[in-house]
Amino acid sequence: MAVERTLSIIKPDATRRNLTGKINAKFEDGGLRIVAQKRVQLSKAQAEAFYGVHRERGFFNDLVSFMISGPVVLQVLEGENAIARNREIMGATNPANAAEGTIRKEFAESIEANSVHGSDAPETAAQEIAFFFAGTEIVG
Ligand code: CMP
């Protein structure tokens, strides 16, 4: 296994309910290190560009509206096998399918308001990290 970095977003449904600390504890208890973090309000253009791969999906407009409905916390998580590990800690996209103890099982409200985003592969992790963070903002 190799040390990897992955992009994580704590979404507006979770920041609204003041769950940042509880979610961060899941990452840290799960063996990941938060090596960059900032709380921001995304613009519509940023949300559309970040989720550009989903532009043709029926849920795209609702997803963009949701992602700009309140602040998000952007993070870089680091650790052994961090991309897959983070996906285990988050649980399935749809909370109805998420395993016990995962973030989405405990906190997600719906398939859209599912509390967290995590990169799905090494290439997307690199792209997504570079989309939001300068190298100097990441301190391992
Ligand atoms: P995320 O992992 O951030 O990637 C795309 C997001 O689209 C997903 O989490 C959900 O917040 C949202 N979404 C809304 N509806 C769907 C759907 N039917 N399938 C997948 N993702 C969806």
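Residues numbered from 1 in each chain as written. Predicted model: local features only at pLDDT ≥ 70, side-chain atom pairs only at ≥ 80, totals over all residues. Heavy atoms only, no water.

Undergrad: I'd like to hear about the sheet that holds strand β1 (residues 3–10), residue by residue, with values.
TA: With antiparallel pairing, four strands are arranged side by side in an open sheet as β2-β3-β1-β4. Strands with a single pairing partner mark the edges of an open sheet, and in this sheet they are β2 (33–40) and β4 (116–118). Neighbour-to-neighbour, the strand axes of the sheet open up by a mean angle of 20 degrees, direction not taken into account. The pairing of β1 with β4 spans three bridges and is antiparallel. When the sheet's bridge partners are listed, S8 is paired in β4 with G118. Packed on one face of the sheet, helix α5 (residues 82–90) meets β1, β3 (72–80) and β4 and runs near 35 degrees to β1. (Pairing = 2+ DSSP bridges. Helix = DSSP H or I, 4+ residues; strand = E, 2+ residues; numbered from the N terminus. Axes fitted to C-alpha atoms, helices over the stretch in contact; angles between N-to-C directions. Contact = heavy atoms within 4.5 Å.)

Undergrad: Can you break down the side chain of N24 residue by residue, with the values?
TA: Mapped onto the secondary structure, N24 falls in helix α2 (residues 20–29). Polar contacts involving the side chain of N24 include one to the side chain of Q75, which spans 2.6 Å. Apart from residues lying up to four places away in sequence, N24 is in contact with I10, I34, Q37 and Q75. (Polar contact = N/O pair within 3.5 Å; in protein donor to acceptor, adjacent residues only side chain to side chain.)

Undergrad: Describe the pattern of salt bridges, with residues and values.
TA: Side chains that differ in sign of charge can pair as their charged atoms come close. Under the criterion given, the structure shown has eight salt bridges. Residue E109 is joined to R17 by a salt bridge in which the shortest nitrogen-to-oxygen separation is 3.4 Å. Residue E109 is located in the loop between α6 (103–107) and β4, and its partner R17 is located in the loop between α1 (12–16) and α2; the two are separated by 92 residues in the primary sequence. You can call R17 partly exposed: its relative accessible area is 33%. One salt bridge in this structure joins K38 and E137, with 3.2 Å as the shortest N-O distance. With K38 in strand β2 and E137 in the segment after α7 (122–132), this residue pair connects regions lying 99 residues apart in the sequence. Take K38: its relative accessible area is 24%, and that puts it in the partly exposed class. Linked through salt bridges whose partners overlap, the residues forming this network are D13, R17 and E109. (Salt bridge = Lys/Arg side-chain N within 4 Å of Asp/Glu carboxyl O. Buried < 20%, exposed > 50% of the residue type's maximum accessible area, 1.4 Å probe, protein only.)

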